[in-house]
Amino acid sequence: GRFDAPTDALIERLNNSLVFDGRLWRQDIAGSVAHATMLGKTGILTPDEAAQIVAGLEALRGDLAQGVVILPPDAEDVHTAIEVLLKERIGAIAGKLHTARSRNDQVCTDIRLYLRDECDNLNTKIAVFQGTILEVSAQHFDTILPGCTHLQHAQPIVLAHHLLAYYWMLERDRERLNDTRKRINRSPLGAGALAGTGFPIDRGMTAELLGFESVLPNSLDAVSDRDFAIEFLSFAAITMMHLSRLAEEIILWNSPEYGFVLLDDGVTTGSSIMPQKKNPDVAELARGKTGRVYGDLMSLLTLMKGLPLAYNKDMQEDKEPLFDAVDTLHLVVPAMQKTLATAQFRTERMKRATAGDFSTATDLADYLAGQGLPFREAHEIVGRVVRYCIEKKIGLEQLDSDSLAEFSPLLRENPDAALAVLTVEACVAARNSEGGTAPESVRAQWILANETLKRS
Ligand code: ARG
């Protein structure tokens, strides 16, 4: 009524959000059903009016789900689209649905409902991935490989230990997700455009009907808060960072130089020109797509930083980054799960990689320290042993007892006992502290992880 001329076509395109927010139609209908029900119960609409609107919305839900009806493509956004369809169905009374409501509280209700479901869906997918990590780990309590710092061989570890590290990263990701879900699950509905409404609405009722845990207490905050979405994107970015680290390790381990893992044909692709190639694309895409999810988080942070209260149209731009992050996780989490589930670990190559790498040097120093030598002196002696081996071009494990005995009177006493600590098996078994890499410690860790997963 306020306008003389229709909106310019270009501006209409700029303004339109249906192209992306159309996917919120289920949430939009759910919010409207709750709102109309409340309008009927509080006497703002007559029981009959409310019943007609609810029945119309429910029939529309069925038709949209079956594809009998589609969202009118010329509608401005999903909220308008649903209202247009409802009006076609039940006539002018559809116009009463918008009593005591604004698209401003409507849109953030929709996003909260959407994200709440996605928290649950993603939680399940991540838990499946954790289950796979447990299954694969259970086969590798005794598989020894070089443990690295600075990407240099540091101390040998077992493969189950290495893989379980990712289990715990994903466990924290799910903790974050569950925590975010609590703040997502609060109702903005009833905040109106920004200042509330004079109609005697019952916000507690709509909140309860929609399964929200509470009502947001400040109407200005309710319509202009997107923290919950930023938190969700932080969860998404951190989870992608974890998956990307795993992806990077898989890519390295799959290279001929490492040769620690053989990836299944189903998760690799060939090259159009080099017939010999088998590329670890899934892992590379997981690593690459991490960048876009970081971008999604940055978009929303930047979008919000200068906005005065309350709603501003800028906020329409909140949806695409959210959808992008959700879609990316839905692809990448199961793809990485599949990659791990079907990977063949080349355990003999892992073990061989520890040969001659001096990664048991600390154990010899620990042995001497255990015999009463101050650790600093032990460190110095072992340094000389290592130098001797380098000159002789042999690994520590190839030393004979006579040569070793030369380095210290303490070694002369029982050189065989000293030699015994130099094997990678002994080295790994010795690190039996809680959370350490000894197979017995890793088994205990696995049991804890398994119980944690079952409980959640
Ligand atoms: N399509 C809009 C969005 O996504 C809905 C809210 C519109 N509100 C308004 N005052 N123009 O943000």
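The residue numbers shown here count from 1 along each chain, following its written sequence. With the structure being a predicted model, the display of local features is reserved for residues of pLDDT at least 70 and the display and counting of side-chain atom pairs for 80 or more, all residues being used for whole-chain, interface and lining totals. Only heavy atoms go into the side-chain values, all of them from the structure, while hydrogens and water stay out.

Asks: I'm lost on the overall build of the protein in this one. Help?
Replies: Helix and strand definitions follow DSSP, with helices as H or I runs of at least four residues and strands as E runs of at least two, each counted in order from the N terminus. For the protein, the count of helices and strands is 20 helices and six strands. A compact globule built from 456 residues should have a C-alpha radius of gyration of about 23 Å, whereas the protein, at 31 Å, is more than 25% larger. For the C-alpha atoms alone, the extent of the protein along its principal axes is close to 100 × 55 × 40 Å. The classification of residues rests on relative accessible area computed with a 1.4 Å probe and restricted to protein chains. Under 20% of the type maximum is buried, over 50% is exposed, and intermediate values are partly exposed. Counting the 456 residues in the protein, one finds 51% classified as buried. Pairs of residues are marked as contacts when any of their non-hydrogen atoms sit within 4.5 Å. Relative to all contacts within the protein whose residues are 6 or more apart in sequence, the contacts with residues 24 or more apart total 76%. Accessible areas in this description were obtained via Shrake-Rupley with a 1.4 Å probe; residue shielding takes into account the shown protein chains only. For the protein, the computed accessible surface area is about 22000 Å², with 53% contributed by carbon and sulfur atoms. Charged-residue counts in this description rest on Lys and Arg as positive and Asp and Glu as negative, His and the chain ends being excluded. Every charge is mapped onto a representative atom, which is NZ of Lys, CZ of Arg, CG of Asp or CD of Glu. Positive and negative charge centroids in the protein, built from 47 and 63 side chains respectively, lie 1 Å apart. We compute the radius of gyration from the C-alpha atoms alone; for a globule the expected value is 2.2 Å times N to the 0.38, where N is the number of residues.

Asks: Help me understand the pattern of salt bridges, please; the structure alone is not making it clear to me.
Replies: Pairing is possible between side chains of opposite charge, provided their charged atoms come close. We count a salt bridge whenever a side-chain nitrogen from Lys or Arg sits within 4 Å of a carboxyl oxygen from Asp or Glu. Inspection of every chain in the model, using the stated rule, returns 23 salt bridges. Across the pair Arg-292 and Asp-324 runs a salt bridge, and its minimum N-O distance is 2.3 Å. Taken as a pair, Arg-292 in helix H11 (residues 281-304) and Asp-324 in helix H12 (residues 319-341) lie far apart in primary sequence, 32 residues in all. Glu-425 is the partner of Lys-351 in a salt bridge, and the nearest nitrogen-oxygen pair spans 2.7 Å. Taken together, the positions of Lys-351 in helix H13 (residues 347-353) and Glu-425 in helix H19 (residues 424-430) put the pair 74 residues apart, joining distant regions of the chain. Several salt bridges share partner residues, and in doing so they unite Glu-76, Asp-77, Arg-103 and Lys-313 into one network.

Asks: What is the right way to look at the pairing of strand S2 (residues 152-158) in this model?
Replies: Along any regular strand, the residues point their side chains to alternate faces of the sheet. In this scheme, strands are said to pair when DSSP sees at least two bridges between them. Taken together, the six bridges between strand S1 (residues 144-149) and S2 define a ladder with antiparallel strand orientation. Counterpart to Pro-146 in the pairing with S2 is Pro-156. In this antiparallel pair of consecutive strands, S1 and S2, the connection spans two residues, and His-150 shows a positive phi of 60°.

Asks: Help me understand the packing of helix H3 (residues 25-41) against helix H6 (residues 103-137), please; the structure alone is not making it clear to me.
Replies: Any two packed helices are characterised by how steeply their axes cross, that is the angle between the axes, and by the distance between the axes. Between N-to-C directions, angles cover 0 to 180 degrees, with each direction set by a line fitted to C-alpha atoms, over the stretch in contact for helices. Interhelical geometry of H3 versus H6 gives an angle of 120° and a closest axis separation of 9 Å. Considered as vectors, H3 and H6 are oriented oblique to each other. The two elements H3 and H6 cross, and the hand of that crossing is right-handed. Here H3 contributes Gln-27, Asp-28, Ala-30, Gly-31 and Ser-32 to the contact with H6, which in turn contributes Gln-106, Asp-110, Leu-113, Tyr-114 and Asp-117. Side-chain classes follow a simple rule in which Ala, Val, Leu, Ile, Met, Phe, Trp, Tyr, Cys and Pro form the nonpolar group, Asp, Glu, Lys and Arg form the charged group, and the remainder, Gly included, forms the polar group. Its residues placed into classes, the contact of H3 with H6 shows three nonpolar, four polar and three charged. Orientation labels follow simple angle bins: below 35 degrees gives roughly parallel, above 145 gives roughly antiparallel, 65 to 115 gives roughly perpendicular, and whatever is left gives oblique. In this scheme the crossing of two helices becomes right-handed for a clockwise turn of the near helix relative to the far one and left-handed for an anticlockwise turn of less than a right angle.

Asks: Would you explain the packing of aromatic side chains in this entry?
Replies: The geometry of an aromatic ring pair is captured by the separation of the ring centres together with the interplanar angle, meaning the angle of the planes. Classification of ring pairs uses Phe, Tyr and Trp, with its six-membered ring standing for Trp, and accepts pairs whose centres are within 6.5 Å; under 30 degrees between planes counts as stacked, over 60 as edge-to-face, and the remaining range as tilted. Taken as a whole and judged by the stated rule, the model has eight aromatic pairs. When the centroid spacing of 5.6 Å and the interplanar angle of 55° are considered together, the rings of Phe-232 and Phe-235 count as tilted. Residue Phe-232 and its partner Phe-235 are located together in helix H10 (residues 227-254), separated by three residues, close to a single helical turn. Among the residues examined, Phe-232 registers a relative accessible area of 0% and is labelled buried. Its end group placed over the ring of Phe-212, Arg-116 keeps NZ or CZ at 5.4 Å from the ring centre. A ring is scored as having a charge over it whenever the NZ atom of a lysine or the CZ atom of an arginine sits within 6 Å of its centre and within 35 degrees of its normal.

Asks: Before we go on, may I ask you to explain the site of the ligand in this structure?
Replies: Throughout, the term near means that a residue has one or more heavy atoms lying within 4 Å of the molecule or strand in question. Inspection of the region around the ligand gives Ser-17, Asp-21, Asp-77, His-79, Arg-103, Asn-104, Val-107, Tyr-311, Lys-313, Gln-316 and Lys-319 as its neighbouring residues. Contact between the ligand and Ser-17: a nitrogen atom at 3.3 Å from a side-chain N or O atom of the residue. Tyr-311 is positioned with one of its side-chain polar atoms (N or O) 2.3 Å from an oxygen atom of the ligand. With three residues, the top contributor of residues to the shell around the ligand is H6. Broken down by class, the residue content of the shell around the ligand amounts to two nonpolar, four polar and five charged. Think of a polar contact as two N or O atoms within 3.5 Å of one another; within protein, one of them needs to be a possible hydrogen donor and the other a possible acceptor, and neighboring residues in sequence only count if both atoms come from side chains.

Asks: Looking at this model, I keep getting lost on unusual backbone geometry. Mind explaining?
Replies: Excluding glycine, most residues fall at negative phi; most peptide bonds, likewise, are trans. Leu-309 connects to Ala-310 through a cis peptide bond whose omega is 5°. If you trace the backbone, Ala-310 turns up in the loop between H11 and H12. Its identity is not glycine, yet His-150 carries a phi of approximately 60°, on the positive side. Within the element layout of this structure, His-150 appears in the loop between S1 and S2.

Asks: In this structure, what is going on with helix H15 (residues 375-392)? I would like to understand it.
Replies: The periodicity of an α-helix, 3.6 residues per turn, causes residues three or four positions apart to be oriented the same way. Between the first and last residue of a helix there are one fewer steps than residues, each counted as 1.5 Å, and that sum is the expected span. Taking 1.5 Å of rise per residue, 18 residues should cover 26 Å, and H15 covers 25 Å from first to last C-alpha, within 8% of that figure. Residues of H15 that are buried include every one of Ala-378, Ile-381, Val-382, Val-385, Val-386 and Cys-389, and no others. Seen from one end, H15 has its buried residues packed into an arc of 145°, which puts them on one side. For H15, the exposed residues set more than 90 degrees away from the buried face come down to Arg-376, Arg-387, Ile-390 and Glu-391. Turning to H15, the residues buried within the fold contact helix H14 (361-370), helix H16 (401-405) and helix H17 (409-413). In this context, the arc is that of the directions from the helix axis out to the C-beta atoms.

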